[in-house]
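In case you want the letters, here they are:
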Amino acid sequence: MSAPSPSAPLPHHPVAVVGAGLGGLMLARVLHVHGTEAAVFDLDVSPAARTQGGMLDIHDDSGQVALHAAGLHEKFMARVLRGGQAMRILDRDGAVRLEESDDGTGDRPEIDRGDLRDLLLGSLPEGTVRWGAKVADARPLGDGRHEVTLADGTAFTTGLLVGADGAWSRIRPLLSPAEPAYTGVSFVETDLLEADRRHPAAARVVGGGMLFALGAGRGFLGHRESDGSLHVYVAVEAPQDWLDGIDFADTEAAKAAVLKEFDGWDESLTALVTDADGALVPRRIHALPVGHRWERVPGVTLLGDAAHLMSPFAGEGANLALLDGAELGLALAAHPGDTEAALAAYEEKLFPRSEMSAAESAHNCAMLFRADAPQGLLDMFTGAEG
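Please read these numbers as outputs of a predicted model, since none were measured by experiment. (Residues numbered from 1 in each chain as written. Predicted model: local features only at pLDDT ≥ 70, side-chain atom pairs only at ≥ 80, totals over all residues. Heavy atoms only, no water.)

(A) Structural context of the overall build of the protein chain. Looking only at helices and strands, one finds 12 helices and 16 strands in the protein chain. Here the C-alpha atoms of the protein chain give a radius of gyration of 22 Å, agreeing with the 21 Å that 2.2 N^0.38 yields for 386 residues. In terms of principal-axis extent, the alpha carbons of the protein chain reach across some 70 × 45 × 40 Å. A buried classification covers 53% of the 386 residues belonging to the protein chain. Put simply, of all contacts in the protein chain between residues at least 6 apart along the chain, 72% involve residues at least 24 apart. Summed over all atoms, the accessible surface of the protein chain reaches about 16700 Å², with 51% contributed by carbon and sulfur. Once the 31 positive and 57 negative side-chain charges of the protein chain are each reduced to a mean point, those two points are 2 Å apart. (Helix = DSSP H or I, 4+ residues; strand = E, 2+ residues; numbered from the N terminus. Rg over C-alpha atoms; globule rule 2.2 N^0.38 Å. Buried < 20%, exposed > 50% of the residue type's maximum accessible area, 1.4 Å probe, protein only. Contact = heavy atoms within 4.5 Å. Areas by Shrake-Rupley, 256 points an atom, 1.4 Å probe, with all protein chains shown as cover. Lys, Arg positive; Asp, Glu negative; His and termini not counted. Charge placed at Lys NZ, Arg CZ, Asp CG, Glu CD.)

Here it is, written out as structure tokens:
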């Protein structure tokens, strides 16, 4: 597709959302419910271009609030993983220190991230998301309007630009110079497929929901997925360049390198790496500064990880993205014709909420892997944490 000629007016979208993750799609859905259509731009070439990650626990005071606002809560509940709120806490010797079953009355049902994204996508008019639209640049034009240029050279203007484009947002620099920083924790992700049939011992270790197997500076965080597989995050407190020294193209060598960090750990836990199916996936955990915020800039705002990237150790990232999207949509619906009033109202709630969750995530990151782990997590769940 060729770029418009200099004399031709650029396409204009009253609301442009960069990023078709959970938060961006939730915003588009809530706006649609209230009679406003948004244009969503995503760099992926299709909805199926990449896997969407593992299970999410959707909280009744955030993510589920958003789903109610979107008119999708009933459909969401039909897709949750029954039994997914079960939890096991083990120490490095494989001893069970705490076990809780899912009695079906909990307030954080689990759903596959891909299933939730599909639910949101399916609730939008066809053509809402422009796939294969990678943002290369965005600049203010004055009066709250922005011009966005895509990697293919095409461009458009918008009266409201929303950065829902994640940790390395291309929209954030319009508002803030902040950049994500390494938290000191790296993940290596593994999968064990058809766990009950092919990996019964690992299936018993993880249980029906979430596993925390923790020691000083190390841990295995795992969960059962809706397709019967196990997804495991091998967590290591390590220098930022630790992962660079591992050849992930050689899976067996990578497994051996990762397991050097778990010398002396029980074999039932190290088997979550040894017996893993497929390649290992490295991931450094980054976060924006706790309390990240910005001064009001006309015609642009952020939501989700673009606004408040945090470590995953409070389980808030996806929930806040959903709530951000819903609350921004509701604010715009409540202030028709006054985008700035809507953005001010949205950000007034966004900043303190995200600061509280980011502080909790940072606290939990330190608590999970402290020298006496898993004692900190046990204290939290038993009410002994002071």
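Still to come is the rest of the account.
(B) The arrangement of the side chain of Glu 189 in detail. One can find Glu 189 in strand 11 (residues 181–192). In this structure the side chain of Glu 189 is engaged in a polar contact, spanning 2.7 Å, whose partner is the side chain of His 231. Among the polar contacts made by the side chain of Glu 189, one reaches the side chain of Arg 283 at a distance of 2.9 Å. Beyond its immediate sequence surroundings of up to four residues, Glu 189 is in contact with His 231, Val 232, Tyr 233, Ala 279, Leu 280, Val 281 and Arg 283. (Polar contact = N/O pair within 3.5 Å; in protein donor to acceptor, adjacent residues only side chain to side chain.)

(C) Focus on the pairing of strand 10 (residues 155–163). Of all 9 residues in strand 10, 8 are buried, a share of seventy percent or more. The sheet contact formed by strand 1 (residues 12–18) and strand 10 spans 6 bridges and is parallel. Bridge pairing in strand 10 places Val 17 opposite Val 162. Across 4 bridges, the pairing between strand 9 (residues 145–150) and strand 10 is antiparallel. Following the sheet pairing, Thr 149 is matched in strand 10 by Ala 155. The antiparallel hairpin formed by strand 9 and strand 10 contains 4 residues in its connecting segment, where Gly 153 sits at a positive phi of about 95°. For strand 10 and strand 16 (residues 300–302), the ladder comprises 3 bridges, and the chain directions are parallel. Each bridged residue has a counterpart across the sheet, and for Leu 161 the counterpart in strand 16 is Val 300. (Pairing = 2+ DSSP bridges.)

(D) Spatial organisation of the pattern of salt bridges. A complete count under the given rule lists 18 salt bridges for this structure. Note that Arg 353 is salt-bridged to Asp 324, the shortest N-O span being 2.8 Å. One end of the pair, Arg 353, is in helix 11 (residues 339–368); the other, Asp 324, is in helix 10 (residues 317–334), and 29 residues separate them in sequence. The exposure classification of Arg 353 matches that of Asp 324, with both residues buried. One network of salt bridges, in which partners are shared, links Arg 296, Glu 340 and Glu 347. (Salt bridge = Lys/Arg side-chain N within 4 Å of Asp/Glu carboxyl O.)

(E) Broad picture of helix 7 (residues 251–259). Turning to helix 7, its buried residues number three or more, namely Ala 254, Lys 255, Val 258 and Leu 259. Seen end-on, helix 7 carries its buried residues on one side only, within an arc spanning 130°. Packing partners of the buried residues in helix 7 comprise strand 11, strand 14 (230–237), helix 8 (267–274) and strand 15 (277–287). (Arc of directions from axis to C-beta.)

(F) Fine view of the packing of aromatic side chains. The final tally for this structure, using the stated rule, is 8 aromatic pairs. Their ring planes at 40° and their centres at 4.5 Å tell us that Phe 220 and Phe 262 sit as a pair that is tilted. Residue Phe 220 is located in strand 13 (residues 218–224), and its partner Phe 262 is located in the loop between helix 7 and helix 8; the two are separated by 42 residues in the primary sequence. The exposure class assigned to Phe 220 is buried, which follows from its relative accessible area of 0%. Phe 262 gets classed as buried once you look at its relative accessible area, which sits at 2%. Judged by centre distance (5.0 Å) and plane angle (80°), the ring pair of Phe 262 and Trp 265 falls under edge-to-face. For Trp 265, a relative accessible area of 8% corresponds to the buried category. Following the ring pairs from residue to residue traces out a cluster consisting of Phe 187, Tyr 233, Phe 313 and Phe 369. Lying across the ring of Phe 41, Arg 130 places its NZ or CZ 5.8 Å from the centre. (Phe/Tyr/Trp six-rings, centres within 6.5 Å; stacked < 30°, edge-to-face > 60°. Lys NZ or Arg CZ within 6 Å of the ring centre and 35° of its normal.)

(G) Structural detail: the environment of Glu 355. Looking at the secondary structure, you find Glu 355 in helix 11. The sequence separation of Glu 355 and Glu 100 amounts to 255 residues, and the corresponding C-alpha distance is 30 Å. Beyond its immediate sequence surroundings of up to four residues, Glu 355 is in contact with Val 290, Gly 291 and Arg 293.

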